[in-house]
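# Close look at the chain arrangement
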Amino acid sequence: MINRKILYIGNKLSKHGSSITVMETLGDLLATEGFTVSYASSKKNIILRFLDMIFTLIYYSRSIDYVIIDTYSTLNFWYAFFVSQLCRLFKLKYITILHGGNLTNRIKNNSKLCDLIFNNAHRIVAPSGYLFNAFKVNYSKGLVSIPNTIEIEKYDFYPREMQVPKLLWVRSFSPIYNPKMAIQVLVELQKEYPTAELTMVGPDANDYRKECELLASKLKVKVAFTGKLSKTEWISLSNKHNVFINTSNFDNMPVSVIEAMALGLPIISTNVGGIPFLISDQKEGVLVNENDYIEMNLVIKKLFLNQDFTTTLITNARKKVESYDWQIIKLQWLEMLM
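So, here's what we can say about the structure. Only a predicted model underlies this, so the values are computations on that prediction, with no experimental measurement involved. (Residues numbered from 1 in each chain as written. Predicted model: local features only at pLDDT ≥ 70, side-chain atom pairs only at ≥ 80, totals over all residues. Heavy atoms only, no water.)

### Focus: the pattern of salt bridges
The condition that has to hold: One side-chain nitrogen of Lys or Arg within 4 Å of one carboxyl oxygen of Asp or Glu is enough to make a salt bridge. A run of H or I in DSSP becomes a helix once it reaches four residues, and a run of E becomes a strand once it reaches two; helices and strands are each numbered from the N terminus.
Inspection of the entire model under this criterion finds ten salt bridges. We note a salt bridge from Arg209 to Glu213, for which the minimum N-O separation is 2.8 Å. Of this pair, Arg209 and Glu213 both sit in helix α8 (residues 208–218), four residues apart, which is roughly one turn of that helix. Residue Arg318 pairs with Glu322 through a salt bridge whose shortest N-O separation is 3.2 Å.

### Describing the pairing of strand β10 (residues 243–246)
This is how it is decided: Note on classification: 1.4 Å probe, protein chains only; a residue is buried when its accessible area is under 20% of the maximum for its type, exposed when over 50%, partly exposed between these limits. One requirement defines pairing of two strands: DSSP has to find at least two bridges between them. Here a crossover is taken to be right-handed if, once the strands point away from the viewer, the path from the first strand over the helix to the second is traced clockwise.
Neither face of β10 is open: one carries Val243 and Ile245, the other Phe244 and Asn246, and all of them are buried. Strand direction decides the pairing type here: strand β7 (residues 166–170) and β10, joined by two bridges, are parallel. Counterpart to Leu167 in the pairing with β10 is Val243. Both β10 and strand β11 (residues 267–270) contribute to a ladder of three bridges, which runs parallel. Directly across from Ile245, in β11, lies its bridge partner Ile268. Handedness of the β-α-β unit built from β10, helix α10 (residues 255–263) and β11 comes out right-handed.

### Thoughts on α8
To be explicit about the condition: What the arc covers is the set of directions going from the helix axis to the C-beta atoms. In this description, contact between two residues means that some pair of their heavy atoms is separated by no more than 4.5 Å.
Of the positions making up α8, those classed as buried are Tyr208, Cys212, Leu215 and Ala216. Each buried residue of α8 sits inside an arc of 100 degrees when the element is viewed along its axis, so together they form one side. The exposed set on the far side of α8, more than 90 degrees from its buried face, consists of Lys210, Leu214, Ser217 and Lys218. Buried residues belonging to α8 abut α7 (179–189) and β9 (224–227). Just downstream of α8, Lys220 is the residue with a positive phi angle, here 60 degrees.

### So, the environment of Tyr324
In this fold, Tyr324 is placed in the loop between α13 (307–321) and α14 (326–337). Along the sequence, Tyr324 and Ile183 sit 141 residues apart, while their C-alpha atoms lie 31 Å from each other. Residues within four places of Tyr324 in sequence aside, it is in contact with Pro147, Asn148, Thr149, Ile150, Met253, Ile258, Leu278 and Ile329.

### Details of the nonpolar core
Across soluble globular proteins, nonpolar side chains have a tendency to be buried as a group. Rule in force here: By convention a nonpolar core is built from buried Ala, Val, Leu, Ile, Met, Phe, Trp, Tyr and Cys residues, the set being connected through side-chain atoms within 4.5 Å.
Membership of the largest hydrophobic core comes to 35 residues, with the highest contact counts inside it found for Ile183, Leu198, Ile245 and Ile300. For this core, the secondary-structure elements that each account for two or more residues are β7, α7, β8 (197–201), α8, β10, β12 (286–288), α12 (293–305) and α13. The greatest single-element share of this core, amounting to seven residues, is contributed by α7. Setting aside its immediate chain neighbours within four residues, Leu198 contacts Leu167, Trp169, Ala182, Ile183, Leu186, Val223, Ala224 and Ile245. Formed by 32 residues, the second largest nonpolar core is a distinct cluster that contains Ile64, Phe77, Ala80 and Leu86.

### Focus: the environment of Asn3
Summarising the element assignment, Asn3 is placed in the segment before β1 (5–9). Residue Asn3 is classed as exposed on the basis of its relative accessible area of 59%. Considered as a pair, Asn3 and Thr36 are 33 residues apart in the sequence and their alpha carbons are 7.6 Å apart.

As structure tokens, then:
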């Protein structure tokens, strides 16, 4: 029987309307394997969340075996820094999981701080080949490649009816994910497919969704904005769609894209960050230039004109993500944590 105790540090904010993060899914999966997993933090206020992380770490410092730290590239980088240094003070083994698609710039701009975090980590987990390659230059010690995982049996795979484009977009409404591009794609697409549809699923960030709604109104297109949905709800909604689009300006290895690949939706994504390590262009999906809604529109049309091409993409994508199933990926986690 596994007798290991883990403290997982990150943003556990789904109860406040944010997207479910890897922290919540991975933590639950580790718990099913027998690990005792505690979390910090679910506090909505960023300052209270940071303080909760610090005090929770101090509280558990004598009883935990590992600390897992979700490590992002923007403001949340700082809690990773301070928590990691506190781990060093208490001589705790900590594992950083790299999530920020812009972490490469953080290494350039804050190299000394990054050295303090990553040179002293027990392990550095890179979910994407993109970040693995970026980190192996300076932080090869302890660096391991473990992709984000899903439970494949929860994703039904079946062919889609490819007559009228019904686009699905699933991310937070934030400029880094460029949701406005999806609306521009719909505008172009409706010139040839007047009944084409777009559904946008995800929580709002700093009222950015309102800007998207105003853009849709200005461009005179009807977009279905669902707000945040549970995983079960959006997977059910995906049954009514036949193309998944990802419009990010920065990205790593988004679970929503992996899930769409598992569901049998053809994927069209911007060619940024870790995406080309997840999707081989023209093999498991199609990659387009950042913010190029004209090119994305043309690719969507190709999917509907060439059914054999679309079927090949869908089949290859499903086969690839089957290797990300928890029953396979857990072996790497068990080896690292035992």
